[in-house]
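Listed here are the chains, written in short residue letters.
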Amino acid sequence: MSDRLTRDFERFGRALPREAAAHIREAYGIDLTARYLGLPIPHPIGKGSGQLSLNADQLEVDRAAGLAFVVLKTVIAEDAAGERSMGAWAVHETRMRVERRRAADGREGWTVTWKGRGWDRPFEDYLALVRLAGDLTRSGAMLTVPSVKYHLPRLDEPFRDQEYRHTTGRLAEAWGRGPLPIEKDFSPTLAGDALADEQGRILRWLREVPGRIRSAAGPAPLRLALKLMNARFDDGFQLEMMAAAAEADALVCFNRLWDEAARVAYGGWDLSERNLRVLRSARAAGRRGGPALVGTGNVRSGRLVLDYARAGCESVALHTFFQLPLGEYPATAGSRTERALHALLFHPVDGLVSGMLELERAGVLHRKGGELRFLDLCAEEA
Ligand SMILES: Cc1cc2nc3c(=O)[nH]c(=O)nc-3n(C[C@H](O)[C@H](O)[C@H](O)COP(=O)(O)O)c2cc1C
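These numbers were taken from a predicted model, which means no experiment stands behind them. (Residues numbered from 1 in each chain as written. Predicted model: local features only at pLDDT ≥ 70, side-chain atom pairs only at ≥ 80, totals over all residues. Heavy atoms only, no water.)

(A) Fine view of the site of the ligand. Around the ligand sit 20 residues in total, of which Ser-49, Lys-73, Thr-74, Asn-298 and Thr-320 are the nearest. Backbone polar atom of Ser-49 to an oxygen atom of the ligand: 2.7 Å apart, as the coordinates give it. Here Lys-73 contributes a side-chain N or O atom positioned 2.7 Å from an oxygen atom of the ligand. In isolation the ligand offers 600 Å² of accessible surface; the protein chains occlude 96% of this area. Of all the elements in the fold, those that place two or more residues in the shell around the ligand are β5 (69-76) and β7 (108-114). (Near = heavy atom within 4 Å. Polar contact = N/O pair within 3.5 Å; in protein donor to acceptor, adjacent residues only side chain to side chain. Areas by Shrake-Rupley, 256 points an atom, 1.4 Å probe, with all protein chains shown as cover. Helix = DSSP H or I, 4+ residues; strand = E, 2+ residues; numbered from the N terminus.)

Structure follows, in structure tokens:
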């Protein structure tokens, strides 16, 4: 199998098959089936919300590459009159810098430095993208999910339900038939904002926001993921946040860290270190049931996908790894999405296939019906 993997790595570096997961199943007896928001996807690798899911062209490149899912850029909720309480998040900024960042433990990683925030174009344009997302999802081409930032009050204030109702209603209408998936973003810029200074306020949001969004959707079926932030408190508070968000269907753990001095969000090894540490302690503390988990942060190899899986995550959402300079990918042709998938799946040392075969040799993962299953790694007993 190791020879076969080396050969696949070489030839797929020139052209990645769109049905890579089917090939992996056939060639290696590895079933990469994963889940996002409880929905089955062919493998665990998807794209997190951000600047790489702003338009139809980007979605087409990802579909053609065979990405498992894409979360659209976060739109800022508005009411029927177009008022947005979180309007400060609709910042226009095009310049992104892909930079190296050294982590506290000395490891060199990558981060994207960017001063922008949420969707900065008219809501109508976002709804056009959601129509496409509904079509792509229903046709089985690629699960594509809208992301929203809704009003978040101070403790003595009520939620602005008009924003919740209007935005959710328009999204559901644009989405069309079938359950509407939504990711609700609690962003790093929010973590860095005075609004998020108080723990009690954040915990109230996490307890109450799922119910607000569900009642805003009315009878329309809804699947809700909360993308939790890395708050400016300790690991214990991250665990409290996870527990408070029990009414969501899934939790995306956790958005980027906040650099107080530079006033920017960042990633790299510090981010995966913290996220994995917290997820592992949730598991060690006996977290049972509750919302499904999705990992995000510094996923740059199949090994990191496996680290998140073994910490309980049924899929992973990447951003930075789709933005590296072309010379950083071992593939010599294809879109960045294809080159990233090629490295994550097929790298003979650090790839997902190689990592799962290694876990089998180590006696951690066992074949069932002749197959190694990715989702077995996320299961409780793993
Ligand atoms: C430039 C940039 C913009 C982003 N914008 C959003 C956003 O609008 N909403 C959101 O939920 N996450 C956003 N993210 C977070 C990513 O989706 C992802 O969760 C995070 O960057 C960690 O993954 P990574 O280390 O692979 O980049 C953004 C990230 C970057 C780098």
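Structure shown, so let's carry the discussion forward.
(B) Expanded view of the nonpolar core. Tyr-36, Ile-45, Trp-205, Leu-226, Met-242, Met-356 and Phe-374 are the most contacted members of the largest nonpolar core, which has 126 residues in total. If we ignore the near neighbours within four places in the chain, the residues touching Tyr-36 are Ile-41, Phe-69, Val-71, Leu-143, Val-145, Glu-183, Ala-225, Val-294 and Ser-315. (Core = buried A, V, L, I, M, F, W, Y, C linked by side-chain atoms within 4.5 Å. Buried < 20%, exposed > 50% of the residue type's maximum accessible area, 1.4 Å probe, protein only. Contact = heavy atoms within 4.5 Å.)

(C) Just empty space enclosed by the protein, in detail. In this structure the tally under the stated criterion is one cavity of 30 Å³ or more. In this structure, the largest cavity spans a volume of roughly 40 Å³. Forming the boundary of the largest cavity are Val-75, Ile-76, Glu-78, Arg-84, Trp-119, Arg-121 and Phe-123. When its residues are assigned to classes, the lining of the largest cavity shows four nonpolar, no polar and three charged. (1 Å grid on protein atoms, 1.4 Å probe; cavity = no way out; pocket = protein on both sides within 12 Å on 5 of 7 lines; lining within 4 Å. Points joined across faces, edges and corners; volume = space filled by probe spheres on them. Nonpolar A, V, L, I, M, F, W, Y, C, P; charged D, E, K, R; others polar.)

(D) The pattern of salt bridges, seen in detail. Throughout the structure, instances matching the rule amount to 31 salt bridges. Among the salt bridges present, the one from Glu-328 reaches Arg-100, with a minimum N-O distance of 3.5 Å. Linking Glu-328 in the loop between β15 (313-318) and α11 (336-346) with Arg-100 in strand β6 (residues 96-102), this pair joins segments that are 228 residues apart in sequence. A residue is classified by how much of its surface remains accessible, and Glu-328, at 38% relative accessible area, is partly exposed. A salt bridge links Glu-198 to Arg-201, with the nearest nitrogen and oxygen atoms 3.2 Å apart. (Salt bridge = Lys/Arg side-chain N within 4 Å of Asp/Glu carboxyl O.)

(E) Structural context of the pairing of strand β8 (residues 143-149). The buried fraction of β8 amounts to seven of the seven residues, a majority that puts the element mostly inside the structure. By the alternation rule, side chains of β8 split into Leu-143, Val-145, Ser-147 and Lys-149 and Thr-144, Pro-146 and Val-148, which are all buried. Where β5 and β8 come together, six bridges link them in parallel fashion. Bridge pairing in β8 places Val-70 opposite Thr-144. Examined bridge by bridge, β8 and strand β9 (residues 180-185) share two bridges and lie parallel to one another. Bridge pairing in β9 links Val-148 to Lys-184. (Pairing = 2+ DSSP bridges.)

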